[in-house]
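Fold and contact review
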Amino acid sequence: MAAMKAAREAGALLSYDPNVRVPLWPSAEACREGIKSIWTSADVIKVSDEEVEFLTQGDATDEKNVLSLWYEGLKLLIVTDGPKGCRYFTRNFKGTVEGFSVNPVDTTGAGDAFVGSLLCSAAKDSSILEDESRLKEALTMANACGAICTTRKGAIPALPDNDAAGKLIFGFP
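Residues numbered from 1 in each chain as written. Predicted model: local features only at pLDDT ≥ 70, side-chain atom pairs only at ≥ 80, totals over all residues. Heavy atoms only, no water.

1. Here's the deal with the pairing of strand 3 (residues 76-80)
Looking down a regular strand, the side chains alternate between one sheet face and the other. Within strand 3, 5 of the 5 residues are buried, which leaves it mostly tucked inside the rest of the structure. Residues of strand 3 alternate between two faces, with Leu76, Ile78 and Thr80 on one and Leu77 and Val79 on the opposite face, all of them buried. Two strands pair when backbone bridges link them, and strand 2 (residues 44-48) and strand 3 are joined in this way by 5 bridges, in the parallel orientation. Residue pairing for strand 3: Ser48 is matched across the bridge by Thr80. In sequence, strand 3 turns back onto strand 4 (residues 85-89) through a hairpin of 4 residues, with Gly82 there showing a positive phi of about 60°. (Buried < 20%, exposed > 50% of the residue type's maximum accessible area, 1.4 Å probe, protein only. Helix = DSSP H or I, 4+ residues; strand = E, 2+ residues; numbered from the N terminus. Pairing = 2+ DSSP bridges.)

2. Section: the UniProt feature "domain: Carbohydrate kinase PfkB" (unreviewed entry) in the protein
According to UniProt, the feature "domain: Carbohydrate kinase PfkB" (unreviewed entry) maps to residues 3-161 in the numbering used here. Secondary structure across residues 3-161 divides into 40% helix and 14% strand, with the first and last C-alpha atoms of the span separated by 28 Å. (UniProt positions renumbered as here; feature names shortened; annotations may be inferred.)

3. Some remarks on helix 5 (residues 110-124)
Helix length check: helix 5, at 15 residues, gives a terminal C-alpha distance of 21 Å against a target of 21 Å (1.5 Å per residue), a fit within 8%. Taken residue by residue, helix 5 has Ala110, Ala113, Phe114, Val115, Ser117, Leu118, Ser121 and Ala122 as its buried positions. Elements in contact with the buried residues of helix 5: strand 1 (15-16), strand 2, strand 3, strand 4 and helix 6 (132-149). (Expected span 1.5 Å × (residues − 1). Contact = heavy atoms within 4.5 Å.)

4. Examining the sheet that holds strand 2
A sheet is described by the order of its strands in space; here 5 strands give the open sequence 1-2-3-4-5, paired in mixed fashion. With partners counted over all chains shown, the strands left at the sheet margins are strand 1 and strand 5 (94-98), one partner each. On top of the sheet, helix 3 (residues 49-56) reaches strand 2, strand 3 and strand 4; it is set at about 95° to strand 2, its chief contact. (Axes fitted to C-alpha atoms, helices over the stretch in contact; angles between N-to-C directions.)

Set out below in structure tokens:
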């Protein structure tokens, strides 16, 4: 919390990817409460469709359930839908970005690859949070990175670089 406060005071963009791991908590409710205890500290939140179901105890495909996670001050809420891609919500626009069809071997690290790619894009161009076309480009790259990560075993060894993501997006060898 101290690090988040210092980062906020320094003007940093704060991102949160809760990575729900219920067995690490005393109960499912304690997990929900713990995750939500810092929820409103983030500018950008990425949750998976399964995490939406867990946090809202409702259908992740129902936009009303997803938007129940929104709070005033949030800049971007992203729901990853595995191979289907992702959904994004801002104050001014919302939409979907298609995923990529790959032959998955291990899904460990796919969300981290997605978030890492998105945050790299945001660090290079903070306007992606206000410009829908730029956000969609960044989310396409993030979807590609997440997809590529599933094609190899291990979270870290499977992380792709920009060239690998570009090859998947644009289809060149």
